[in-house]
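Spelled out, the chains give:
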Amino acid sequence: MIFDVAARSLTSKSVLIPVESLLGDCSGSRMPAVDPGHLSFDSARQAIESCPTSALRMVAEGERRQFIMDYGECIGCGYCLGVGDGLMRPAGKVLHCGVARAALIRRWDVATGEELLADDLVKEGAAEEIRRLFGRALNIRQVDAGSCNGCEAEIGALTSPYYDLERFGIHFVASPKHADMLLVTGPVTHNMAEALRNTYEATPSPRLVVAVGACGCSGGIFSGSYAVRGGIDAVIPVDAYIPGCPPTPAMLLTGILRVLGAEMRER
Ligand code: SF4
Ligand code: SF4
């Protein structure tokens, strides 16, 4: 049996998964999407009531109401799917990866279903400088600031032959001194706050910080716990955010390439 597997592996053609089929793919993440065609006050209220976090909410602006979906707080529990008369459905793609925190928050006018667009830009300063200096090569130091390790399992898969992060010239390094980017997971626990700050200080400028997962973006399910400070930006400045609980490797890849402005520059 094992020899059959080895023989098949040695004789089959090498296949590289094209980056276009990975970008934004969120299969397996259980992230929801909003179908504005089914948006009404009642459907929004039902969806909000099903959500165990504050990822779904409604705010009033004068006479008008906005329905809000915050990907940075969504833990992908799927409880909202199937409620609200079809308002929420499984997302096919989540392109809001590697963006500014404000861009993770999507808003719709409840009366018209029209989406109210947010600023979609990553803070450009450090990203521009990194692109200028490093071209296609990037070193990442991954930092666990208090994660459950779900995000680490997905980050680990990035180096597998399937996702093959190294084809983009992107490598993980063991020391912040060699890093251009910190990829940080977890709600920051009190015990890890100083270590995270020290790691940030040890990373030479220009440096990018990317917060990973619902915990990294907002504190996730641990938000408000006595044991945590909150999301990564409660302790160090963050340039871009990748949502999900955990984000899939494809979402991580989308976010990292987006920060570098390198989505389509496959090697
Ligand atoms: S999948 Fe996200 S938006 Fe839906 S109920 Fe869970 S946390 Fe809320
Ligand atoms: S975002 Fe989810 S998977 Fe990642 S550390 Fe938090 S709880 Fe774990």
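Residues numbered from 1 in each chain as written. Chains lettered and ligands numbered in written order. Predicted model: local features only at pLDDT ≥ 70, side-chain atom pairs only at ≥ 80, totals over all residues. Heavy atoms only, no water.

What follows concerns the sheet that holds strand β2 (residues 56–61). Judged by pairing direction, the sheet is antiparallel, and its 4 strands sit side by side in the order β2-β3-β5-β6 without closing on themselves. Across the chains shown, the open sheet's two edge strands, defined by having one partner strand only, are β2 and β6 (115–116). Relative to strand β3 (residues 64–70), β2 is paired through 6 bridges, and the arrangement is antiparallel. Bridge pairing links Met58 to Phe67 in β3. Running at roughly 135° to β2, helix α3 (residues 41–50) makes contact with β2 and β3 of the sheet. (Pairing = 2+ DSSP bridges. Helix = DSSP H or I, 4+ residues; strand = E, 2+ residues; numbered from the N terminus. Contact = heavy atoms within 4.5 Å. Axes fitted to C-alpha atoms, helices over the stretch in contact; angles between N-to-C directions.)

Let us now look at the site of ligand 1. Taken together, Pro32, Cys51, Pro52, Thr53, Leu56, Cys74, Ile75, Gly76, Cys77, Gly78 and Cys80 are the residues near ligand 1. In terms of residue class, the shell around ligand 1 is built from 8 nonpolar, 3 polar and no charged. (Near = heavy atom within 4 Å. Nonpolar A, V, L, I, M, F, W, Y, C, P; charged D, E, K, R; others polar.)

Before going further, it helps to spend a moment on the environment of Met192. Within the secondary structure, Met192 is located in helix α6 (residues 190–202). Taking the C-alpha atoms as reference points, Met192 and Ala179, separated by 13 residues in sequence, lie 19 Å from one another. Setting aside its immediate chain neighbours within four residues, Met192 contacts Asp144, Ala145 and Gly146.

With that settled, the discussion passes to unusual backbone geometry. A cis geometry characterises the amide bond from Ser205 onward to Pro206, with omega recorded as -5°. Here Pro206 lies in the loop between α6 and β11 (208–212). Residue Pro246 follows Cys245 across a cis peptide bond; omega there is -10°. Along the chain, the position of Pro246 falls in the loop between β13 (240–242) and α8 (249–260).

Let's shift gears to the domain arrangement of the protein. Looking at the assigned domains, one finds that the protein contains domain 1 (32–116) and domain 2 (124–260). Each of domain 1 and domain 2 has a C-alpha centre, and the two are 26 Å apart. Across the boundary between the two partners, domain 1 contributes 14 residues, which contact 14 residues of domain 2. When domain 1 packs against domain 2, close to 1200 Å² is buried across both sides, 66% of that on carbon and sulfur atoms. Contact with domain 2 buries area across many residues of domain 1, yet Ile75, Cys97 and Gly98 alone supply 41% of it, more than any other trio. Our count for the contact surface shared by domain 1 and domain 2 stands at 0 salt bridges. Applying the counting criterion to the domain 1 and domain 2 interface returns 5 residue pairs in polar contact (both at pLDDT 80 or more). Taken together, the residues of the side of domain 1 that touches domain 2 break down into 9 nonpolar, 3 polar and 2 charged. (Domains from an automatic or database assignment. Buried area = accessible area lost by both parts, 1.4 Å probe. Salt bridge = Lys/Arg side-chain N within 4 Å of Asp/Glu carboxyl O. Polar contact = N/O pair within 3.5 Å; in protein donor to acceptor, adjacent residues only side chain to side chain.)

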